[in-house]
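Here's the letter readout for the chains.
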Amino acid sequence: MADFTFYAPTQIVFGRGGENQIGALVKAQNGKKVLLHYGGGSARRSGLLDRIRASLTAAGIAYTELGGVVPNPRLSLVREGIDLCRREGVDFLLAVGGGSVIDSAKAIGYGVTNEGDVWDFYDRRRQASACLPVGVVLTIAAAGSEMSSSSVITKEEGGIKRGYSSNLCRPRFAVMNPELTMTLPPYQTACGCTDILMHTLERYFTNNGGNMELTDGIAEALLRTVMKNAVILRDDPENYGARAEVMWAGSLSHNGLTGCGNGGDDFSVHALEHELSGMYDVAHGAGLAAVWGSWARYVYRECLPRFEQFAVRVMGVPAGTADTALRGIEALEAFFRSIGMPTSLRELGVEPSEQDLLTLSRKCGVATGGTKGSAKKLHEPDMLAIYRMAL
């Protein structure tokens, strides 16, 4: 078992109607002027923004607004938000949406409280020293950003997608009402379930310190639970119980819990996918599904006990056969296909040329500092080989 530090300071308000508590929650954080940050029109059409505004007003809290966040959130809007917050004297950021909105709010928080270009943090040039406090009203179960230390932003020039992690940006609270996710399109729900699975798998497949029985058990139960409920939601999108299970799993998958004591921090599949969605603007969860099987086949021999354990405990493959690990990989790919997720780049709708593949692997190598992974250390030639396999 590896040594670890677990830190998860976010207050969770889970259940129906939680958004009506926003005013009191912000007030408890001493927020005086809020930036209400959101994406497209769904939060407005559903009446969610009106309920949040009413709660803030009732608590005597002023607010200003910035909408327009898109999937793979853009640096240009982050910079617009930084300028707006400075002009308006904003001291608290309220993200209403999913991972893209939360990540955008976190980046704005860094930009307001630190001098210089906020992109420097995502480009690994320097570290942030502060961040405006962030609160969340979650509307998409996927990224886990509502409890995590990470955010991912896309710079439009060059299609560069980068992540930055710091405990400074961990949300102070997250309101999680499963009812708010019921209007999501089936594809978006499936993408979210895939992202949740991947956040746990990225910590599960590791050679960096062995395992921890309790952490493995939590991770395996989370994986089985998400897969079970993803199928329920495919067939019954308004099933509250399934929505609740997936929503809570999304938070637990990315707050560090499923990596405690196992040394797991692979995140190679995320690194590979970030370049895909940076270049082609594909849905993050779908991009993960499209490359995972190729990554798994490329690395599994270096991490064979973990892949065999996953196959048996999570995917129900019989133990003790020569191809147990491969059958586990195939079973997860079959699950992805069952919920409408791609398992190759062509199925994703992307057909990169050889030059495109070289560009993707070069950018991935730059983004990762030359190497990535704990199941198997990947270098640029390895990244290129996986992209080719994923075609």
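Up top is the structure these notes are about.
The following paragraphs examine the structure supplied in this document. (Residues numbered from 1 in each chain as written. Predicted model: local features only at pLDDT ≥ 70, side-chain atom pairs only at ≥ 80, totals over all residues. Heavy atoms only, no water.)

Looking now at the overall build of the protein. From N to C terminus, the protein includes 16 helices and eight strands. What you see for the protein is a C-alpha radius of gyration of 20 Å, in line with the 21 Å of a compact globule of 391 residues. For the C-alpha atoms alone, the extent of the protein along its principal axes is close to 65 × 45 × 40 Å. Out of the 391 residues belonging to the protein, those deemed buried represent 59%. (Helix = DSSP H or I, 4+ residues; strand = E, 2+ residues; numbered from the N terminus. Rg over C-alpha atoms; globule rule 2.2 N^0.38 Å. Buried < 20%, exposed > 50% of the residue type's maximum accessible area, 1.4 Å probe, protein only.)

Here we take up a nonpolar patch on the surface. Among the surface-exposed residues, Met1, Phe4 and Phe6 lie close enough to one another that they form a single nonpolar patch of about 330 Å² accessible area. Following the sequence through the fold, Met1 ends up in the segment before strand 1 (11–14). (Patch = residues over 30% accessible without salt bridge, like charges linked within 9 Å, V, L, I, M, F, W, Y side chains within 5 Å. Areas by Shrake-Rupley, 256 points an atom, 1.4 Å probe, with all protein chains shown as cover. Salt bridge = Lys/Arg side-chain N within 4 Å of Asp/Glu carboxyl O.)

A word on the environment of Thr321. Within the secondary structure, Thr321 is located in the loop between helix 12 (304–313) and helix 13 (324–338). Taking the C-alpha atoms as reference points, Thr321 and His379, 58 residues apart in sequence, are found 31 Å from one another. A distance of 2.7 Å separates a polar atom in the side chain of Thr321 from a polar atom in the side chain of Thr324. (Polar contact = N/O pair within 3.5 Å; in protein donor to acceptor, adjacent residues only side chain to side chain.)

Under the 1.5 Å per step criterion, the end-to-end length of helix 10 (residues 268–280) is 18 Å for 13 residues, consistent within 8% with the ideal 18 Å. Among the residues of helix 10, Ser268, Val269, His270, Ala271, Leu272, Glu273, His274, Glu275, Leu276, Ser277 and Gly278 are the ones counted as buried. Of the residues trailing helix 10, Asp281 is marked for its positive phi of about 55°. (Expected span 1.5 Å × (residues − 1).)

A separate point is the pattern of salt bridges. Between side chains of opposite charge, a pair can form when the charged atoms approach closely. Per the counting criterion, the structure on display carries 18 salt bridges. Arg125 is the salt-bridge partner of Asp120, the closest N and O atoms lying 3.4 Å from each other. Residue class for Arg125 comes out exposed when judged on its relative accessible area of 59%. Notably, a salt bridge pairs Arg162 with Glu275, separated by 3.2 Å at the nearest N-O pair. Placement of the pair is Arg162 in strand 7 (residues 160–165) and Glu275 in helix 10, with a sequence separation of 113 residues. For the pair shown, Arg162 and Glu275 are each scored as buried.

What follows is about the environment of Pro342. Of note, Pro342 is situated in the loop between helix 13 and helix 14 (345–348). Note: C-alpha distance between Pro342 and Ala8 (334 residues apart in sequence) is 33 Å. Other than its neighbours up to four places away in sequence, Pro342 contacts Ala286, Ala289, Ala290, Glu347 and Leu348. (Contact = heavy atoms within 4.5 Å.)

Relative to the assigned elements, Glu333 resides in helix 13. The buried category is assigned to Glu333, whose relative accessible area is 8%. Excluding residues that lie within four positions of it along the chain, Glu333 makes contacts with Gly293, Arg297 and Thr343.

We now examine empty space enclosed by the protein. Counted by the stated rule, this structure contains one cavity of 30 Å³ or more. Empty space within the largest cavity amounts to approximately 70 Å³. Ile140, Ala141, Thr181, Leu184, Thr189, Cys193, Leu233, Arg243, Val246 and Met247 are the residues that line the largest cavity. Within the residue set of the lining of the largest cavity, elements represented by two or more residues are helix 7 (186–204) and helix 9 (240–253). Of all the elements, helix 9 adds the most residues to the lining of the largest cavity, at three residues. Across the lining of the largest cavity, the residue classes break down as seven nonpolar, two polar and one charged. (1 Å grid on protein atoms, 1.4 Å probe; cavity = no way out; pocket = protein on both sides within 12 Å on 5 of 7 lines; lining within 4 Å. Points joined across faces, edges and corners; volume = space filled by probe spheres on them. Nonpolar A, V, L, I, M, F, W, Y, C, P; charged D, E, K, R; others polar.)

Moving on, we come to the side chain of Asp266. Note on placement: Asp266 falls in the loop between helix 9 and helix 10. We note that Asp266 is buried and unpaired, the nearest opposite charge coming from Lys372 at a distance of 7.6 Å. At 2.8 Å, the side chain of Asp266 and the backbone nitrogen of Ala375 are in polar contact. Apart from residues lying up to four places away in sequence, Asp266 is in contact with Glu202, Phe205, Trp295, Lys372, Gly373, Ser374, Ala375 and Lys376. (Lys, Arg positive; Asp, Glu negative; His and termini not counted.)

Where helix 8 (residues 213–235) contacts helix 13, the two axes come as close as 10 Å, and the packing angle between them is 25°. By the angle class used here, helix 8 and helix 13 are roughly parallel. In the packing of helix 8 onto helix 13, the handedness of the crossing is left-handed. Of the residues in helix 13, those in contact with Met227, Ala230, Val231 and Arg234 of helix 8 are Leu332, Phe335 and Ser338. Partitioning the contact of helix 8 with helix 13 into residue classes produces five nonpolar, one polar and one charged. (Axes fitted to C-alpha atoms, helices over the stretch in contact; angles between N-to-C directions. Parallel < 35°, antiparallel > 145°, perpendicular 65-115°, else oblique. Left-handed = near helix turned anticlockwise from the far one by under 90°.)

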